[in-house]
Amino acid sequence: MPIPDFVVELRRHVGHAELWMPAVTAVVRRGQEVLLVRRADSGEWAPVTGIVDPGEEPAACAAREVLEETGVHVRVDRLASTSVVRDVVHDNGDRAAYLDQCFACSWASGEERVGDDESTEVRWWPRDGLPPMKQELRDRVEAALSGEQAARFVR
């Protein structure tokens with residue numbers, strides 16, 4: 001997975017020490033379908049995820065990540081949930097904890113395609129026929145598709 005330039009620079013100073021990183025998940029809906037990517041690192045299906053660049057608005061990051069990874073333009077509709085992903089150790093030994101902001105998004109235009117090396121496949125799945133996913137990702141998808149107006153968060 002490509003490491004953002006600002007993280008590479010931080011790693012020069014902190015090595016593999018744990019970093020606290022802002023992140024986004026974009027759950028994209030088109031009618032009764034959900035856009036998912038097959039991750040290149042794990043082979044698992046997931047909504048689009050990414051790291052927020054310094055100074056970037058999280059909703060803008062969600063739209064940017066979807067376009068970069070899938071070729072699809074989206075409208076970011078609302079913040080669906082926030083959560084913390086703890087104790088992540090990447091293959092290279094880098095440690096991180098992520099503050100994830102999950103956004104419910106709607107398809108605006110574009111045909112899905114693999115846009116970069118972060119995924120091997122992109123496709124629309126029926127809402128009621130999603131592939132196996134990690135529970136934390138399933139929870140984000142459910143929050144985004146719930147129709148609730150308030151964001152979900154751990155109290």
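In this report, the structure presented in the accompanying data block is examined. (Residues numbered from 1 in each chain as written. Predicted model: local features only at pLDDT ≥ 70, side-chain atom pairs only at ≥ 80, totals over all residues. Heavy atoms only, no water.)

**So, the overall build of the protein chain**
Tallying secondary structure elements over the protein chain gives three helices and seven strands in all. Each helix and strand of the protein chain, ordered N terminal to C terminal, gives the series α-β-β-β-β-α-β-β-β-α. Against the compact-globule benchmark of 15 Å for 155 residues, the protein chain has a radius of gyration of 15 Å, which places it among compact chains. In terms of principal-axis extent, the alpha carbons of the protein chain reach across some 45 × 35 × 30 Å. Counting every position in the protein chain, which comprises 155 residues, the buried fraction comes to 41%. Looking at the protein chain alone, contacts between residues at least 24 apart form 71% of all its contacts between residues at least 6 apart. Per element, the accessible surface of the protein chain, about 8300 Å² overall, is 51% carbon and sulfur. Side chains of the protein chain give 19 positive and 28 negative charges; the mean places of these two sets differ by 5 Å. (Helix = DSSP H or I, 4+ residues; strand = E, 2+ residues; numbered from the N terminus. Rg over C-alpha atoms; globule rule 2.2 N^0.38 Å. Buried < 20%, exposed > 50% of the residue type's maximum accessible area, 1.4 Å probe, protein only. Contact = heavy atoms within 4.5 Å. Areas by Shrake-Rupley, 256 points an atom, 1.4 Å probe, with all protein chains shown as cover. Lys, Arg positive; Asp, Glu negative; His and termini not counted. Charge placed at Lys NZ, Arg CZ, Asp CG, Glu CD.)

**A look at helix α2 (residues 58–70)**
In this model, α2 (13 residues) spans 18 Å end to end at C-alpha, consistent with the 18 Å of a helix rising 1.5 Å per residue. All of the buried residues along α2 are Pro58, Cys61, Ala62, Glu65, Val66, Glu69 and Thr70. Projected down its long axis, α2 carries its buried residues within an arc of 135°, all on one side. As for α2, its buried residues are in contact with β1 (19–30), β2 (33–39), β4 (48–51), β5 (73–89), β6 (95–109) and β7 (119–126). (Expected span 1.5 Å × (residues − 1). Arc of directions from axis to C-beta.)

**Brief notes about the side chain of Ser119**
Secondary-structure assignment places Ser119 in strand β7. Dropping the residues within four chain positions of it, Ser119 is found in contact with Val37, Arg38, Arg39, Ala40, Glu69 and Val114.

**A few points about the pattern of salt bridges**
For the structure shown, the criterion picks out 15 salt bridges. A salt bridge links Asp53 to Arg64; the nearest nitrogen and oxygen atoms lie 3.7 Å apart. In this pair, Asp53 is assigned in the loop between β4 and α2 and Arg64 in helix α2, connecting sequence segments eleven residues apart. Classification of Asp53 as partly exposed rests on a relative accessible area of 30%. Residue Glu65 is joined to Arg64 by a salt bridge in which the shortest nitrogen-to-oxygen separation is 3.3 Å. Here the salt bridges share partners, and the residues they tie into one network are Asp53, Glu56, Arg64, Glu65 and Glu68. (Salt bridge = Lys/Arg side-chain N within 4 Å of Asp/Glu carboxyl O.)

**Overview of the state of the cysteines**
By definition, a disulfide links the sulfur atoms of two cysteines through a covalent bond. Scanning all chains against the criterion turns up zero disulfides. Not engaged in a disulfide, the cysteine Cys102 finds its nearest cysteine sulfur in Cys105; these two sulfurs lie 8.0 Å apart. (Disulfide = S-S within 2.5 Å.)

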